[in-house]
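Per-entry structural report
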Amino acid sequence: MNAAPADQIRLLDVQALDLRLSQLAHRRNSLPEHAEIETLTKDLAQLRDLLVAAQTEESDTAREQIKAEQDVDQVRQRAVRDQQRLDSGAVSSPKDLENLQREIVSLAKRQADLEDVVLEVMERRESIQERIAELTERVSSVQAKADDATARRDAAFEQIDSEVATVTKEREVASATIPADLLKLYEKLRVQSGGVGAARLYQRRCEGCQLELNITEVNEVRAAAPDTVVRCENCRRILVRTSESGL
């Protein structure tokens, strides 16, 4: 393949722009905010799960407390009715009086036991509510950190994407000056060679594979016509000759 030396040199400009686009893509994908957001998102999900579990436990405990308080109230009401019967003198049978008094004593013991249950449930519920408050605060704190990291990532995205748009436009302009067949070969080699399809020959060294040409290869390149598209024998990239090639 033949191409004017000026076209081959302009190919290096396209290559430089493509490398810049690759660097920007790598930078975009490797922003430290990505890992930070991922970690915070996982932490947030775990905290929210714990918060939901605590809220569910608190709801269950609230129902348990209501049930325990209702049991206390029922026993208290029964004891009040029995005491009223005892005080009214309506029960005259000694045996019935004895049974009634025994029941009042039993209800008092039952009420005391149930009130202990209510107290225990209330203390447990208070502990759960404190945990809910703590988890809620932690969720808010982690969410704020995630929001901050997301804002920083989006700001970086905006800056990078703006530069990508500028470089892409420059690349379109530069590539439009390259002969179609040369550009096609370059694109093919760029895909095959890790993003570098054309490299400068500098001081007899290919800047694509960083290997120095041997004397035979140097002589072959030196003998090639200026418009001949030379390829590196080692990496097969387009080898662009300049005044600094050392030929």
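Within the open sheet, the 4 strands sit side by side as S2-S1-S4-S3. Their pairing is mixed. In this open sheet, the two edge strands, each paired with only one partner strand, are strand S2 (205-206) and strand S3 (230-231). As paired strands, strand S1 (residues 198-202) and strand S4 (residues 238-241) are joined by 4 bridges and run parallel to one another. Note that in S4 the partner of Ala198 across the bridge is Ile238. Strands in contact with helix H1 (residues 5-29) are S1 and S4; relative to S4, the strand with the most contacts, it is inclined by about 120 degrees.

Another point: the nonpolar core. The biggest cluster of nonpolar side chains holds 23 residues, and the ones touching the most others in it are Leu11, Ile178, Leu182, Tyr186 and Ile238. Within the residue set of this core, elements represented by two or more residues are H1, helix H3 (94-175), helix H4 (180-192) and S4. With 6 residues, H1 is the largest single contributor of residues to this core. Setting aside anything within four residues of it in sequence, one finds Leu11 in contact with Ile178, Leu182, Tyr186, Ala198 and Ile238. Core analysis: the second largest hydrophobic core is formed by 13 residues, Leu51, Ile128, Ile132 and Leu135 among them.

Phi at Arg204 takes a positive value of approximately 65 degrees, unusual for a residue other than glycine. Overall, Arg204 belongs to the partly exposed group, its relative accessible area being 31%. In this structure, Gln210 takes a positive phi of about 65 degrees despite not being glycine. Of note, Gln210 is situated in the loop between S2 and helix H5 (215-223). For Gln210, a relative accessible area of 46% puts it in the partly exposed group.

This brings us to the environment of Glu158. Turning to its location among the elements, Glu158 is positioned in helix H3. Placed 130 residues apart in sequence, Glu158 and Arg28 show a C-alpha to C-alpha distance of 10.0 Å.

For the rest of this paragraph, the subject is the packing of H1 against H4. Where H1 meets H4, the axes come as close as 11 Å, and the angle between the chain directions of the two elements is 40 degrees. The angle between H1 and H4 falls in the class oblique. As for how H1 packs across H4, the hand of that crossing is right-handed. Taken together, the residues of H4 that come into contact with H1 (itself represented by Asp7, Gln8, Leu11, Val14, Gln15 and Asp18) are Leu182, Tyr186 and Arg190.

Cut-off values and rules
- Residues numbered from 1 in each chain as written.
- Predicted model: local features only at pLDDT ≥ 70, side-chain atom pairs only at ≥ 80, totals over all residues.
- Heavy atoms only, no water.
- Pairing = 2+ DSSP bridges.
- Helix = DSSP H or I, 4+ residues; strand = E, 2+ residues; numbered from the N terminus.
- Contact = heavy atoms within 4.5 Å.
- Axes fitted to C-alpha atoms, helices over the stretch in contact; angles between N-to-C directions.
- Core = buried A, V, L, I, M, F, W, Y, C linked by side-chain atoms within 4.5 Å.
- Buried < 20%, exposed > 50% of the residue type's maximum accessible area, 1.4 Å probe, protein only.
- Parallel < 35°, antiparallel > 145°, perpendicular 65-115°, else oblique.
- Left-handed = near helix turned anticlockwise from the far one by under 90°.

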